[in-house]
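Remarks on the overall topology
What follows is each chain in one-letter form.
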Amino acid sequence: MVEDIWEELSKAKYMEWELLSARRSWELNSLKETCEAALNQQRALDMCRTEEEEETKESSQEAYIAHTERLKSLERVFEKAAEEDKPSEVPDYLCCNITLEIFRDPVISPSGVTYERAAILEHLMKVGKFDPITREKLEPSKLVPNLAIKEAVAAYLEKHVWAYKIGC
């Protein structure tokens, strides 16, 4: 039941992010095109002034270099702005060592290793009552909720909604 709720919630959050991401991407591209057009118009005006003032070839070349640098700077600004919507790797500390998925209900073992509750309980029932990483004896009653990781996951997912679908 909890797993089904998590799945539906993650689908809804991802779909919402996808819609907002597409809108932001369109707005960024539109703004970028407008800025590039304005810079190109400014360049054309500068070239007209240069011809009227009969400046040297060097100053014309300097103006071209300055224009090119402005366009490159604009490109960097828009690349940085678009980074928020580009999926990347989820940090390992937010992922279960058994499922390799982002934590939903993390628990910590006495040895200090964090697992997804359902995954470690299944391991303890099917494989044996030992920690799969350290091989130390482990009883289900010794597992404690890892609230710090749970909060870290919540904060990460709030900022990187794409991780609901992509995972680790």
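Here the structure is a predicted model, which means the values were calculated and not measured.

Regarding the UniProt feature "domain: U-box" (unreviewed entry) in the protein
Taken from the UniProt record, the annotation "domain: U-box" (unreviewed entry) applies to residues 89-163. Helix makes up 32% of residues 89-163 and strand makes up 11%, while its end C-alpha atoms are separated by 8 Å.

Observations regarding the sheet that holds strand E3 (residues 144-145)
Two modes of strand pairing occur in sheets, parallel and antiparallel, and in both the strands are linked by backbone hydrogen bonds. The 3 strands lie next to each other as E2-E1-E3, forming an open sheet whose pairing is antiparallel. What marks the edges here is a single partner per strand, and that holds for strand E2 (114-116) and E3. Summarising the sheet, strand E1 (residues 106-108) and E2 pair through 3 bridges and their orientation is antiparallel. Bridging from a neighbouring strand, Val107 pairs with Tyr115 of E2. Packing of helix H3 (residues 117-126) onto the sheet brings it into contact with E1, E2 and E3, and relative to E2 it is tilted by some 90 degrees.

Focus: the pattern of salt bridges
Opposite charge on two side chains permits pairing when their charged atoms draw close. Throughout the structure, instances matching the rule amount to 6 salt bridges. Lys72 is the partner of Glu69 in a salt bridge, and the nearest nitrogen-oxygen pair spans 4.0 Å. Taken together, the residues span about one helical turn, with Glu69 and Lys72 both in helix H2 (residues 57-82) at a distance of 3 residues. Accessibility expressed as a relative area gives 39% for Glu69, which makes it partly exposed. Exposure remark for Lys72: the relative accessible area of 44% places this residue in the partly exposed category. Ionic pairing is found between Lys80 and Glu83, a salt bridge with its closest N-O pair at 3.5 Å.

Structural notes on the layout of surface pockets
Approximately 260 Å³ is the volume found for the largest pocket. Around the largest pocket sit 13 residues that line it, and Glu3, Arg104, Asp105, Glu116 and Ala118 are the ones nearest its centre. A per-class count over the lining of the largest pocket returns 6 nonpolar, 1 polar and 6 charged.

Reading the values: the criteria
- Residues numbered from 1 in each chain as written.
- Predicted model: local features only at pLDDT ≥ 70, side-chain atom pairs only at ≥ 80, totals over all residues.
- Heavy atoms only, no water.
- UniProt positions renumbered as here; feature names shortened; annotations may be inferred.
- Helix = DSSP H or I, 4+ residues; strand = E, 2+ residues; numbered from the N terminus.
- Pairing = 2+ DSSP bridges.
- Contact = heavy atoms within 4.5 Å.
- Axes fitted to C-alpha atoms, helices over the stretch in contact; angles between N-to-C directions.
- Salt bridge = Lys/Arg side-chain N within 4 Å of Asp/Glu carboxyl O.
- Buried < 20%, exposed > 50% of the residue type's maximum accessible area, 1.4 Å probe, protein only.
- 1 Å grid on protein atoms, 1.4 Å probe; cavity = no way out; pocket = protein on both sides within 12 Å on 5 of 7 lines; lining within 4 Å.
- Points joined across faces, edges and corners; volume = space filled by probe spheres on them.
- Nonpolar A, V, L, I, M, F, W, Y, C, P; charged D, E, K, R; others polar.

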